[in-house]
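Below, each chain spelled out in residue letters.
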Amino acid sequence: MTISAEAVVSDEQRRVAITSWKTPVIFALFTVLFALLPLLAPRDGMSTFRLVRSADAVIQLPELVLPANATAWVCVVLMAATTLLAVLWTRAQRRLPLWLTVVYVVILLVGFLAWASAGGTLPMIGLLGGALALATPLIFGALGGVIGERVGVVNIAIEAQLLAGAFMAALVGSATGSPWIGLIAAMVAGVLVSLVLAVFAITYYVNQVIVGVVLNVLVAGLTTFLYRQVLNANPETLNSPPLFPVISIPVLSEIPVLGPVLFRQTIIVYLMYITVFLVWFGLYRTRWGLRLRAVGEHPQAADTVGIKVAPTRYWNMMLAGAIAGMGGAFYTLVTNPQFGREMTAGAGYIALAAVIFGKWDPVRATLAALLFGFATNLQGVLSVIGSPVPSQFMLMLPYVVTIFAVAGLVGRSRPPAASGEPYIKS
């Protein structure tokens, strides 16, 4: 049975392995566009990158001071070299590795930050830490979206799962005085929302996009009503959940720059790290992941080899809802000690965009969510230091890149073949 299931997803693997010239073209385009910044709008002065947050840090690093315009030009050269490497790799019919794209993006960000912060100081730990905080619920939502679409159900209701999770975490956490019970309640809320989506999409064959949008509106209205009628009436007992404490991991938290960002976090962030790895490992290295992908690619063939399509979709949609619910709990058990109406502010839709931008892969979707979080946090930091870059530009940039991804201009962006298609057993 396992061999037959592997045959079901072999077509997906062959199509993914096909090389494409689109990524080198996009690299070249962004290199040219970025080169216009120091060419047409040169920035005089020095850019300062502050690498240590406090004076009591075990390892002290001096501030990194770089000439703004010269650094931008150096990054242009490095971006051009990376683009050339991508061209040579593609000509040799070799698939571009993920690390090459990551390196290119890092070089682009360093050059842009140096150019944009001329004459100012960038607190790197605050910038990266804020980006991780903003990205954490997006990552949970994106992982739920990846699992849903990989199994054949378009999880438009990520926003509803995040919002329901945030509400239940605040309510139950406040009533019990335990953030752990609040976290479990958030996961249950996410499961219930995803179960409603699954019933209509899998059993009754209703259009999945319509059901997801309706659930988003329904949960937003329901939580707003309960917030006004229940939580506001008893804010001390029903809307004051205890927060998870920050846990510093010895040794690791003292690593310069990345240590305070990655290893001085709450338990939900550490659970996020584990969840990303488990979803990736399970999706590509276990029988569960093989069957899940088979159902999402060709449910009829999967049914033929003995995989039960409907139960597989149901169980995995419930798992996706539980993961998204954890993201909702982050809002009320980590960042804000109370629930506010529509406090997710469209994060579910951003997570869905990260799924598409990440090509329905858990690691790539995580990186896409981090990009969204970084761009959102960066616009606030740049406005504080007086950068000439409009904050609206930083907010729209990830969405522009996502449009490129959806249009197929950033490599291949092909969803699972059966995503959004109800399976009617013949």
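Predicted model, so just to flag it, every value in this text is computed and none were measured. (Residues numbered from 1 in each chain as written. Predicted model: local features only at pLDDT ≥ 70, side-chain atom pairs only at ≥ 80, totals over all residues. Heavy atoms only, no water.)

Considering the side chain of Asp-303
As a reminder, the rule being used: In this text, helices come from DSSP runs of H or I with a minimum length of four residues, and strands from runs of E with a minimum of two, each type numbered from the N-terminal end. What qualifies as a polar contact is a pair of N or O atoms within 3.5 Å, subject to a donor-acceptor requirement within protein and to the restriction that residues adjacent in sequence count only when both atoms come from side chains. The criterion used for residue contact is that any of the two residues' heavy atoms lie within 4.5 Å.
Mapping Asp-303 onto the fold places it in helix 13 (residues 299–304). There is a polar contact of 2.7 Å between the side chain of Asp-303 and the side chain of Tyr-423. If we skip the residues at most four places from it in the chain, Asp-303 touches Val-309, Tyr-423 and Lys-425.

Structural notes on the packing of helix 5 (residues 124–150) against helix 14 (residues 309–335)
For clarity, the cut-off: Between N-to-C directions, angles cover 0 to 180 degrees, with each direction set by a line fitted to C-alpha atoms, over the stretch in contact for helices. To sort the angles, those under 35 degrees are grouped as roughly parallel, those over 145 as roughly antiparallel, those from 65 to 115 as roughly perpendicular, and the leftovers as oblique. Charged residues are taken to be Asp, Glu, Lys and Arg, nonpolar residues to be Ala, Val, Leu, Ile, Met, Phe, Trp, Tyr, Cys and Pro, and polar residues to be all remaining types, Gly included.
Orientation of helix 5 relative to helix 14, taken along the N-to-C sense of each, is 170°, at an axis distance of 8 Å. With respect to helix 14, the element helix 5 is oriented roughly antiparallel. Here Ala-133, Thr-136, Pro-137, Phe-140, Gly-141, Leu-143, Gly-144, Ile-147 and Gly-148 of helix 5 come into contact with helix 14, specifically with Asn-316, Met-317, Leu-319, Ala-320, Ile-323, Ala-324, Met-326, Gly-327, Phe-330 and Tyr-331. Of the residues contributing to the contact of helix 5 with helix 14, the split by class is 13 nonpolar, 6 polar and no charged.

Some points on the packing of aromatic side chains
As a reminder, the rule being used: Classification of ring pairs uses Phe, Tyr and Trp, with its six-membered ring standing for Trp, and accepts pairs whose centres are within 6.5 Å; under 30 degrees between planes counts as stacked, over 60 as edge-to-face, and the remaining range as tilted. Categorising residues by exposure relies on relative accessible area from a 1.4 Å probe, with only protein chains included: less than 20% of the type maximum marks a residue as buried, more than 50% marks it as exposed, and the intermediate range marks it as partly exposed.
The final tally for this structure, using the stated rule, is 11 aromatic pairs. For the ring pair Phe-112 and Trp-115, a centre distance of 6.3 Å and an interplane angle of 35° mean the geometry is tilted. With a gap of 3 residues between them, Phe-112 and Trp-115 both fall in helix 4 (residues 98–116), about one helical turn apart. Like Phe-112, the residue Trp-115 is buried in the burial classification. Centre to centre, the rings of Phe-277 and Phe-281 are 5.9 Å apart; their planes meet at 25°, and the pair counts as stacked.

A few points about a nonpolar patch on the surface
The line we're drawing: Patches in this entry comprise residues that are over 30% relatively accessible and not in a salt bridge; like charges within 9 Å are linked, as are nonpolar side chains (Val, Leu, Ile, Met, Phe, Trp, Tyr) within 5 Å. Areas reported here follow the Shrake-Rupley algorithm with a probe of radius 1.4 Å; residue values treat only the protein chains shown as occluding. Here, a salt bridge means any side-chain nitrogen of Lys or Arg that lies within 4 Å of a carboxyl oxygen of Asp or Glu.
Side chains of Leu-29, Leu-33, Leu-36, Leu-39, Leu-40 and Trp-73 sit close together on the surface and give an oily, nonpolar patch of about 570 Å² of accessible area. Counting residues per element, the nonpolar patch draws most heavily on helix 2 (residues 22–40), which supplies 5 residues. With respect to the element layout, Leu-39 can be found in helix 2. The exposed category is assigned to Leu-39, whose relative accessible area is 52%.

Thoughts on the environment of Val-77
Turning to its location among the elements, Val-77 is positioned in helix 3 (residues 68–91). The class of Val-77 is exposed, set by a relative accessible area of 56%. For the pair Val-77 and Ala-35, spaced 42 residues apart in sequence, the C-alpha separation works out to 9.1 Å.

Description of helix 11 (residues 267–285)
Our working definition: Expected helix span is computed as 1.5 Å times (number of residues minus one).
In this model, helix 11 (19 residues) spans 26 Å end to end at C-alpha, consistent with the 27 Å of a helix rising 1.5 Å per residue. Among all positions of helix 11, only Ile-267, Ile-268, Val-269, Tyr-270, Met-272, Thr-275, Val-276, Val-279, Gly-282 and Leu-283 are buried.

Section: helix 14
Rule in force here: Throughout, bend refers to the angle between the axes fitted to the seven residues that end at a position and the seven residues that start at it.
The end-to-end C-alpha separation of helix 14 is 39 Å, in line with the 39 Å expected for 27 residues at 1.5 Å each. Ala-329 marks where helix 14 bends most, by close to 35°. Counting buried positions along helix 14 gives 20 out of 27 residues, so the element sits mostly inside the fold.

Observations regarding the sheet that holds strand 1 (residues 46–50)
Neighbouring strands of a sheet are bound in pairs by backbone hydrogen bonds; such pairs are parallel or else antiparallel. Applicable threshold: We call two strands paired when DSSP finds no fewer than two bridges between them.
With mixed pairing, the 3 strands of this open sheet are ordered in space as 2-1-3. Strand pairing shows two members of the sheet lacking a second neighbour, strand 2 (64–67) and strand 3 (121–123), which therefore form its edges. Sheet twist, expressed as the average angle between the axes of neighbouring strands with direction ignored, equals 20°. Pairing of strand 1 with strand 3, which is carried by 3 bridges, proceeds in the parallel orientation. Its bridge partner lying in strand 3, Arg-50 is registered against Pro-123. Helix 5 contacts strand 1 and strand 3 of the sheet and is inclined by roughly 45° relative to strand 3.

What to know about the packing of helix 5 against helix 11
Keep this limit in mind: Crossings are sorted by hand: turned counterclockwise from the far helix by less than a right angle, the near helix makes the crossing left-handed, and turned clockwise it makes it right-handed.
Taken N-terminus to C-terminus, the directions of helix 5 and helix 11 make an angle of 25°; their axes are 10 Å apart at the nearest point. By the angle class used here, helix 5 and helix 11 are roughly parallel. Here helix 5 and helix 11 pass one another in a crossing that is left-handed. Note on element contacts: helix 11 touches helix 5 through Ile-268, Val-269, Leu-271, Met-272, Tyr-273, Thr-275, Val-276, Val-279, Leu-283 and Tyr-284, opposite Leu-132, Thr-136, Ile-139, Phe-140, Leu-143, Val-146, Ile-147 and Arg-150. In terms of residue class, the contact of helix 5 with helix 11 is made up of 15 nonpolar, 2 polar and 1 charged.

Some thoughts on the side chain of Thr-332
Its location among the elements puts Thr-332 in helix 14. Its relative accessible area of 0% is what places Thr-332 among the buried residues. Here Thr-332 is in contact with Ala-166, Ala-169, Ala-170, Pro-241, Leu-243, Pro-337, Gln-338, Phe-339 and Met-343, once residues within four sequence places are set aside.

What about the environment of Leu-138?
Mapping Leu-138 onto the fold places it in helix 5. With relative accessibility at 7%, the residue Leu-138 sits in the buried group. Taking the C-alpha atoms as reference points, Leu-138 and Ile-158, separated by 20 residues in sequence, lie 9.5 Å from one another. Residue contacts for Leu-138: discarding those within four places in its chain leaves Ala-347, Ile-350, Ala-351, Ala-369, Phe-372 and Gly-373.

Re unusual backbone geometry
We note that Gln-93 has phi near 60°; this positive angle belongs to a residue other than glycine. Topologically, Gln-93 is positioned in the loop between helix 3 and helix 4. You can call Gln-93 exposed: its relative accessible area is 59%. Even without being a glycine, Val-251 presents a positive backbone phi close to 70°. Summarising the element assignment, Val-251 is placed in the loop between strand 4 (247–248) and helix 10 (258–263).

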